[in-house]
Amino acid sequence: GGRLLADGGGDWWIWGKVGEDGLVNQDRNYAIGCDIGEGRGGSNSVAVVYDRETGEQVGEYATAYTIPHEFMETVCAAGKTVFAGQLGQAFLAWECNGPGESVYVDVLRSGYDYVYFQRAVGKRGDGRGPNYGWRSTRTNKRVLLTTFQTQLARGGIVLRSKPLMDEMLQYVGYDEGSIGPGTLRDEMTGARDAHGDRVIAAAVGRLALAEAPKFEPKKIVVKPGSMADLLGHAKVWANSGSR
């Protein structure tokens, strides 16, 4: 129904205040990063939500038994309602390798069009390409995780999820030069082998966070000498808390 309901067995975790309408604060913008699993219990599908104004993690959705198209339908519904913010949609990015290859179809079917397009990593300009989502290669992954680590160290992002931080502690450098997690069972969702799913979702979400615009308060423009000017409408508007 487009709102959050408190439920001890739910799949969403929220950090911050949820209003009586079941929505988080709409006086800001949000960014969502996703890593998508098969939905067969082997690994998780995860969405990590950031507050664009503060860089804080405000939400996490993790499930091991939801198939990709249903997972993305849920994420898109949340992005257009609970985390809609000023722009009406949270900025959405996902890893498009494996199960994420075809979910752009589900995203488009959901009427969601505020999404991340792959950047030309390591090339002059790092221009936006024609491909939906973020694709993992050895180079792209190292850049993604290194930038994520840097933002954490500098306070550009703030994580709230203990399972996410536990997964981060499992990441290691392999002998051939790649980076990845050790084996980790997820007791929260029942995933048999959590392949650092939360970490990738959080890191991809940082890409979305970097591109999402900050909240812009609306301003009323009053023509000097007009009736609105004489009646002080601009002052009333500024003090009313209107958006």
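Because the structure is a prediction, the values reported are computed rather than measured.

Visitor: Help me out: how do you make sense of the environment of Tyr 132 in this one?
Guide: Structurally, Tyr 132 can be placed in strand S7 (residues 128-132). For the pair Tyr 132 and Val 115, spaced 17 residues apart in the sequence, the C-alpha separation amounts to 7.4 Å. The residues contacting Tyr 132, other than those within four sequence positions of it, are Trp 94, Cys 96, Tyr 104, Leu 108, Val 115, Tyr 116 and Phe 117.

Visitor: Explain the packing of aromatic side chains here, please?
Guide: Remark: the centre distance and the inter-plane angle together describe each pair of aromatic rings, the angle taken between the planes. All chains considered together, the criterion is met by 8 aromatic pairs. With 5.6 Å between their ring centres and 65° between their planes, Tyr 30 and Phe 83 make a pair best called edge-to-face. Of the two residues, Tyr 30 is situated in strand S2 (residues 30-35) and Phe 83 in the loop between helix H1 (68-80) and strand S5 (91-94); the sequence distance between them amounts to 53 residues. Here Tyr 30 and Phe 83 have matching classes, each one buried. Taken together, the aromatic side chains of Trp 12, Tyr 30, Tyr 61, Phe 71 and Phe 83 make up a single cluster linked through ring pairs.

Visitor: I tried to follow the pattern of salt bridges on my own but got confused; where do I start?
Guide: It is possible for side chains of opposite charge to pair when their charged atoms get near one another. Following the criterion strictly, the structure yields 8 salt bridges and no others. Among the ionic pairs, Glu 73 bridges to Arg 109, the shortest N-O distance being 3.9 Å. Here the residue Glu 73 occupies a position in helix H1, and Arg 109 occupies one in helix H2 (residues 103-109), the gap between them amounting to 36 residues. In this structure Arg 109 comes out as exposed when scored by relative accessible area, which is 52%. The salt bridge involving Arg 198 is made with Glu 167; its shortest N-O contact spans 3.3 Å. Linking Arg 198 in helix H5 (residues 197-211) with Glu 167 in helix H4 (residues 162-168), this pair joins segments that are 31 residues apart in sequence. Residue Arg 198 shares its accessibility class with Glu 167, and that shared class is buried. Each of Glu 60, Glu 167 and Arg 198 takes part in one network of salt bridges that share partners.

Visitor: Can you walk me through H1 in this structure?
Guide: Residues lying three or four places apart along an α-helix face the same way, a consequence of the helix completing one turn every 3.6 residues. If you check H1, its first and last C-alpha atoms are 18 Å apart, about what 13 residues at 1.5 Å a residue would give, namely 18 Å. Considered for burial, the residues of H1 that qualify are Pro 68, Phe 71, Met 72, Val 75, Cys 76, Ala 78 and Gly 79. The arc enclosing the buried residues of H1, seen along the axis, measures out at 160°, which places them on a common side. Each element contacted by the buried residues of H1 is listed here: strand S1 (12-14), S2, strand S3 (45-51), strand S4 (57-63), S5 and H2.

Conventions used here
- Residues numbered from 1 in each chain as written.
- Predicted model: local features only at pLDDT ≥ 70, side-chain atom pairs only at ≥ 80, totals over all residues.
- Heavy atoms only, no water.
- Helix = DSSP H or I, 4+ residues; strand = E, 2+ residues; numbered from the N terminus.
- Contact = heavy atoms within 4.5 Å.
- Phe/Tyr/Trp six-rings, centres within 6.5 Å; stacked < 30°, edge-to-face > 60°.
- Buried < 20%, exposed > 50% of the residue type's maximum accessible area, 1.4 Å probe, protein only.
- Salt bridge = Lys/Arg side-chain N within 4 Å of Asp/Glu carboxyl O.
- Expected span 1.5 Å × (residues − 1).
- Arc of directions from axis to C-beta.

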